[in-house]
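# Survey of secondary and tertiary structure
These are the residues of each chain, in order.
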Amino acid sequence: MQGSANLNVMIKAARKAGRSLVKDFREVENLQVSSKGPGDFVSKADREAERIIKEELMGARPTYGWLGEETGETAGQDPTRRWIVDPLDGTTNYLHGLPHWAISIALEHKGEIVAGVIFDAAKDEMFVAEKGSGAWMNDQRLRVSGRRQMIESIFATGVPFAGNGPLPATLQDLARLMPVCAGVRRWGAAALDLAYVAAGRYDGYWERNINAWDIAAGIILVREAGGFVSGIREDQDPVESGSIIVGNEALFESFRKVIRGA
Ligand code: LIP
């Protein structure tokens, strides 16, 4: 895929941060046995990754706004454009030495996500998409799955833990969905959940109470791969509300009805 100058800047930033996180990930695996654990080390790795990404993106586009998981929001001179960045999505996986985490970088223009990069550095899978130019993984064109039956389909989600988030609502979702599908996966990285829907690996994904930086890049990937995206409620914007449901064209309405309890 021949991307725009902005997309190439995003890919360069993701790769540079990926090299740093892969190096630190090897140390995290060694720290699992330490009594103190790798918590502080991972926080440092997370912040360093965001520093690298911010330096690359803001160096190339100094007038754009910024929203990053670690450094928060900074308005730009250009009020229409904003970077939305999660330097390490799947932090808990990374902390436990599980190789399922990603760098997520999105570009928003006038409130619409127009480009996204999700880099799974551990598996060397670079997912990219730009509005009107399709979705790609390592230069392979992506399409959402063609499954048409819920009972043949698998779905991903995030389940609240440690008292955070709407656990009762999510448990009700699972009670309605599990009997009518082929399975649910909870792999702990929303950006990769969305990238996997775009790649046809999952047939749908939903999550309640998720951050903008976790899902912004995945939204454009799913849309450019022919999938559908909405809030769980009709009136909810996924990025603003933190409530999201996505799926392939054939299943989206049936899936959304199950999650809505309609
Ligand atoms: C994580 C998401 C995941 C969600 C977790 C957490 P983080 O993001 O990717 O889908 O279920 O609660 O929010 O914290 O690893 O960037």
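What comes next is a walk through the structure.

Cut-offs and rules
Residues numbered from 1 in each chain as written. Predicted model: local features only at pLDDT ≥ 70, side-chain atom pairs only at ≥ 80, totals over all residues. Heavy atoms only, no water. Near = heavy atom within 4 Å. Polar contact = N/O pair within 3.5 Å; in protein donor to acceptor, adjacent residues only side chain to side chain. Areas by Shrake-Rupley, 256 points an atom, 1.4 Å probe, with all protein chains shown as cover. 1 Å grid on protein atoms, 1.4 Å probe; cavity = no way out; pocket = protein on both sides within 12 Å on 5 of 7 lines; lining within 4 Å. Sits in = over half its atoms within 2 Å of the grid points. Nonpolar A, V, L, I, M, F, W, Y, C, P; charged D, E, K, R; others polar. Domains from an automatic or database assignment. Helix = DSSP H or I, 4+ residues; strand = E, 2+ residues; numbered from the N terminus. Contact = heavy atoms within 4.5 Å. Phe/Tyr/Trp six-rings, centres within 6.5 Å; stacked < 30°, edge-to-face > 60°. Buried < 20%, exposed > 50% of the residue type's maximum accessible area, 1.4 Å probe, protein only. Lys NZ or Arg CZ within 6 Å of the ring centre and 35° of its normal.

### Considerations on the site of the ligand
The full set close to the ligand counts 15 residues, and Asp-89, Gly-90, Thr-91, Ala-190 and Glu-207 are the nearest of them. Glu-207 places a polar side-chain atom, nitrogen or oxygen, 2.7 Å from an oxygen atom of the ligand. The fraction of the free accessible surface of the ligand (380 Å²) that becomes covered by protein chains is 84%. With respect to the pocket detection grid, the ligand is positioned in the largest pocket. Residue composition of the shell around the ligand, grouped by class: five nonpolar, four polar and six charged. Here the shell around the ligand gathers at least three residues from each of two domains, domain 1 (5-141) and domain 2 (150-260).

### Some points on the environment of Gly-68
The residue Gly-68 is located in strand 1 (residues 65-68) in this model. Beyond its immediate stretch of four places on either side in the chain, Gly-68 contacts Glu-50, Val-85 and Trp-213.

### Some words on the packing of aromatic side chains
Taken as a whole and judged by the stated rule, the model has 11 aromatic pairs. Between Trp-187 and Tyr-196, the ring centres sit 6.2 Å apart and the planes meet at 80 degrees, which makes this aromatic pair edge-to-face. Owing to a relative accessible area of 6%, Tyr-196 belongs among the buried residues under this scheme. One aromatic cluster is present, built from ring pairs that chain together Phe-127, Trp-187, Tyr-196 and Tyr-202. Positioned over the ring face of Phe-119 is Arg-15, at 5.1 Å from the centre of the ring.

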